[in-house]
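What follows is the residue order along each chain.
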Amino acid sequence: MSHPSEPPRITPLALAEATPPALDTAALERVRRQPLQHRHSAAELQWRSGLVKLLNDALATELVCVLRYKRHHYTAHGLASPRIAEEFAVHAAEEMTHADRLARRIVQLGGEPDFAPETLLQRSHAPYDASAELNTMIRVNLVAERVAVESYSQLVRVVGDRDPSTRRLLEDLLADEQRHAEELQGWLAL
Ligand SMILES: [Fe+2]
Ligand SMILES: [Fe+2]
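Reading guide: rules and limits
Residues numbered from 1 in each chain as written. Chains lettered and ligands numbered in written order. Predicted model: local features only at pLDDT ≥ 70, side-chain atom pairs only at ≥ 80, totals over all residues. Helix = DSSP H or I, 4+ residues; strand = E, 2+ residues; numbered from the N terminus. Contact = placed C-beta atoms within 7 Å. Axes fitted to C-alpha atoms, helices over the stretch in contact; angles between N-to-C directions. Parallel < 35°, antiparallel > 145°, perpendicular 65-115°, else oblique. Left-handed = near helix turned anticlockwise from the far one by under 90°. Nonpolar A, V, L, I, M, F, W, Y, C, P; charged D, E, K, R; others polar.

**Here we look at the environment of S124**
Residue placement: S124 occurs in the loop between α4 (120-123) and α5 (134-159). Taking the C-alpha atoms as reference points, S124 and A58, 66 residues apart in sequence, are found 6.9 Å from one another. Look past the residues within four positions of S124 in its chain and what remains in contact with it is A60, T61 and V64.

Written out as structure tokens, the structure reads:
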């Protein structure tokens, strides 16, 4: 007999009826039997080369962003906010790591990273800028970061589940660009 002050008994979940987690053993077997020299289909090769082209456009964008932030870093030094000038240099370095990671992935996909300077601006999603005024620099960079956020968001959707490694890379870059945009938005309000 239960005491009146005793808490009500909780019926345990019907654990015996729940399906235990399990791997798809048939899929594992298919992988074991796969030939080691995988031949990509024509459709797969076409998709990859399209992806390499899009990654090369992203690479061009990153390189133009490096150049724009470098220009702003050196010319903003004499202006009111040396702290923001220093942050432009930090952004430039981060965009350069983005460029490096994109170039490495392009090679891993069997493509060629395009660093050709004569076509950089045509291929870049964001413009170069040589403004002399700090507030204009911040605005131009904010627009460029928003464009980068939009283009990486689109790329993540384009890649979907077809290439998890590229997708993870793009999601990393997207997170950095979102942070850059938030920082610039904050400086605009100063
Ligand atoms: Fe970037
Ligand atoms: Fe950025």
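**Quick word on the packing of helix α3 (residues 82-108) against helix α6 (residues 164-188)**
Close contact between α3 and α6 brings their axes to 11 Å; oriented N to C, the two are set at 165 degrees. The orientation of α3 relative to α6 falls into the category roughly antiparallel. The element α3 and its partner α6 pack so that their crossing is left-handed. Counting all contacts with α3, which are made through I84, E87, H91, E94, H98, R101 and R105, the residues of α6 involved are T166, L169, L173, D176, H180, E183 and W187. Each residue belonging to the contact of α3 with α6 can be placed in one class, and the counts come to four nonpolar, four polar and six charged.

**Details of the packing of helix α2 (residues 42-76) against α5**
It is the contact of α2 with α5, at a shortest axis distance of 11 Å, that shows an interaxial angle of 165 degrees. Relative to α5, α2 is oriented roughly antiparallel. Note that α2 runs across α5; the crossing there is left-handed. Along the contact surface, α2 presents L54, A58, T61, C65, R68, H72 and A76, while α5 presents L134, M137, N141, A144, A148, S151, L155 and V158. A per-class count over the contact of α2 with α5 returns ten nonpolar, four polar and one charged.

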